[in-house]
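An overview of the molecular structure
The primary structure of each chain is shown beneath.
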Amino acid sequence: MAYPMSRALPGSGRIPLPAAPVVWDGYVHKAKRALLLVGLLWALAVAMLGFFSPFHLGHTLDDPALFIPALLCVVGVVGALAMGSEIGANFKHVMGYGFLTEASAPRSRTVAPHRARRVTYAAVLGGLLLGCAAAAVVRAVSGDGLEALLLGALAALLVVPTRKMVRHARILWRQAQDERGLLAILIDDGDHSVAQLVSVTSEKRWVDGMALFHVELAHVAGGREEVTQLRLLSYPLWAPAEGNEYDVWTDPDRPFDKDRTLIERRYVGQAFADFDSAPAPVGHVPAEIIAAGETAPNAGFGSGRGPSHGSSASAARGSAPRAVPPWLSRDAKAVPAVPAAQARRNRRLLALPPLVIAVLAVAGAVLVPPMVDAVPWWTMAALGLYAALTVINAYVYWQFMVRSRWVIRSGISFGATESAVFVGFFAAGFCVLGTPSLVDGPVHGTAPWTLAHYLVGTALVGALLVFEWAFSSTVWVLNHLNAGFPAPAEVIQEALTGYDPDGIARLEADYGYRAGVLLCG
């Protein structure tokens, strides 16, 4: 979908983040999942206070019934803090723009607007409220009246701020949805014109791995010629050049209202500037970079029309990093074609390790009760949880192997499911180590080794391999997802960022290429 011009004006601090409707929907789903997970993790962490007291940590290690809740509390807190940043990272795309984190740093990133933090606060407070209420009930049932009263009072204090933040979060969601709907209406019913890029200046900054530009567009609005300035993020291989065409829509009733003026960049059929050949000005290179002899991070354009070729110091002549979209090979401007059979084989190889670990984990969890004596319920619960997490991870990889549109468009993260497996490994590993019949007995010869022992041990060691697979397979996933279905890079980029609701469907129909928020990193 396109984006309001007012969000792109220099000095506004806003950087538009255009996304196709399918991609936008994916970010919505990702943001909602992050909100739900953060709330549940905080609820889990605080609810565990019903089973152990942080004021008596000295006795926690003596009893697994106390240590396991304490461990889950730590897991919940760590997981919630780690997932919290995902809310803002996704919600800025839901809102359609982000703010620069630093005003003049050569490298920075975009973050969600400050008011969008209320969405994160709503998830955190909601989780804390549910956790306190659950912990208070557990304490009351166990007869700890004083601690139940304290937890209940804390839950009561959280009701008002939680309700306030949830209301604000709902307002922000409605605003984002309403603005999205307004864009669709404006594109359908507004006045359309084709703008020409008349001037481009590099701001000599890298934001989210892309270069930041200041461009001027000449277009028609309200029957007269207008020149509009805006800030634009672009990958270097698509650096804007004079003469590039942009689509502009204006409201017929309010043609000069920037909030009702939308712009869409064209990629197909455009000639782009040679970003790598432009030297970086000496005065902009930080002294510490020159002193260290490092490559300048801000090679770009000078003011005016087209690339600048002014002189600069030798230490500052390095090219900008070869930043490209995650789905695009660094050495090609199109996804390379490979035989279909080879592409399918590569995808099977990627999905095989998680599948094997899941089979081992499930088999171990099923065979432990009939083969091993004196296994406590919490160990079985931990093994069951670990098995379930490995199955979920294997299922996501299987969906990738068959090139499922759901996985590609919903933004399900391989790293997230593999991290969950690793968390399950810690819980199950501790419980197994704390169960004599699973470790001490076989090791000291007082109990026999069984198939269940081997399966559980192999499955737990496999968690380490799965976690390593998360780092090594990410690039493979993007490189092999559409292997065998080549498409021009500009066509893919336009489908991922354009307003056309059928752009991604047309990309698949024309080339067999499947796209969605998964390709956006």
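Refer to the structure above for everything that follows.
Criteria and thresholds
- Residue indices begin from 1 for each chain and proceed along its sequence in written order.
- pLDDT decides what is reported in this predicted model: residues at 70 or higher carry local features, side-chain atom pairs at 80 or more are listed and counted, and totals for whole chains, interfaces and linings draw on all residues regardless.
- Working from all heavy atoms in the structure, the side-chain values ignore hydrogens and water.
- Only Phe, Tyr and Trp rings are paired, with Trp represented by its six-membered ring, and only when their centres lie within 6.5 Å; those with planes under 30 degrees apart are stacked, over 60 edge-to-face, the remainder tilted.
- To sit over a ring, a charge needs its Lys NZ or Arg CZ within 6 Å of the ring centre and within 35 degrees of the ring normal.
- Helix axes are fitted to C-alpha atoms over the stretch in contact, other axes to C-alpha atoms as well, and angles between N-to-C directions run from 0 to 180 degrees.
- Runs of H or I in DSSP of at least four residues are treated as helices and runs of E of at least two as strands, each being numbered from the N terminus.
- Angular relationships are summarised with four words: roughly parallel below 35 degrees, roughly antiparallel beyond 145, roughly perpendicular across 65 to 115, and oblique for the angles in between.
- A contact between two residues is defined here by any heavy atoms of the two lying within 4.5 Å.
- Lys, Arg, Asp and Glu make up the charged group, whereas Ala, Val, Leu, Ile, Met, Phe, Trp, Tyr, Cys and Pro make up the nonpolar group; the residues left over, Gly among them, are polar.
- Definition used in this section: a nonpolar core is a set of buried Ala, Val, Leu, Ile, Met, Phe, Trp, Tyr and Cys residues joined via side-chain atoms within 4.5 Å.
- Per-residue accessibility, obtained with a 1.4 Å probe over protein chains only, is compared with the maximum for each type, and a residue is labelled buried under 20%, exposed over 50%, and partly exposed between these values.
- A 1.4 Å probe that fits into a set of points on a 1 Å grid over the protein atoms alone but cannot get out defines a cavity; an open set with protein on both sides within 12 Å along at least five of seven lines defines a pocket, and lining residues are those with an atom within 4 Å of a point.
- Grid points are joined across faces, edges and corners, and a volume is the space filled by probe spheres set on the points.

**A closer look at the packing of aromatic side chains**
Considering all chains together, one arrives at 13 aromatic pairs under this definition. Summarising the aromatic geometry, the rings of tryptophan 449 and tyrosine 454 are spaced 5.8 Å apart at their centres and angled 25 degrees between planes, so their arrangement reads as stacked. Members of the aromatic cluster, each reached through a chain of ring pairs, are Tyr235, Trp238, Tyr267, Phe272 and Trp327. Sitting over the face of the ring of tryptophan 173, lysine 32 holds its NZ or CZ atom 5.7 Å from the ring centroid. The ring centre of phenylalanine 485 lies 4.1 Å from the NZ or CZ of arginine 403, which sits over that ring.

**Re the packing of helix α12 (residues 489–497) against helix α13 (residues 503–511)**
The N-to-C vectors of α12 and α13 enclose an angle of 150 degrees; their axes lie 8 Å apart at closest approach. For the element pair α12 / α13, the angle class is roughly antiparallel. Residues Val491, Ile492, Ala495 and Leu496 of α12 pack against Gly503, Ile504, Leu507 and Tyr511 of α13. Among the residues making up the contact of α12 with α13, the classes are represented as seven nonpolar, one polar and no charged.

**Some words on the nonpolar core**
Note on soluble globular proteins: their nonpolar side chains tend to be buried together. Ranked by size, the top nonpolar core spans 91 residues in total, and within it Val94 and Trp327 carry the most contacts. Within the second largest apolar cluster, 27 residues are counted, among which are Leu360, Val375, Ala387 and Leu438.

**A short note on the layout of surface pockets**
If you add up the space inside the second largest pocket, you get close to 330 Å³. The wall of the second largest pocket is formed by 16 residues, among which Glu494, Ala495, Asp500, Gly503 and Arg506 lie closest to the centre. Of all elements in the fold, only β10 (261–265), α12 and α13 reach the threshold of two or more residues within the lining of the second largest pocket. Looking at which element gives the most residues to the lining of the second largest pocket, the answer is α13, with five residues. Residue composition of the lining of the second largest pocket, by class: six nonpolar, two polar and eight charged.

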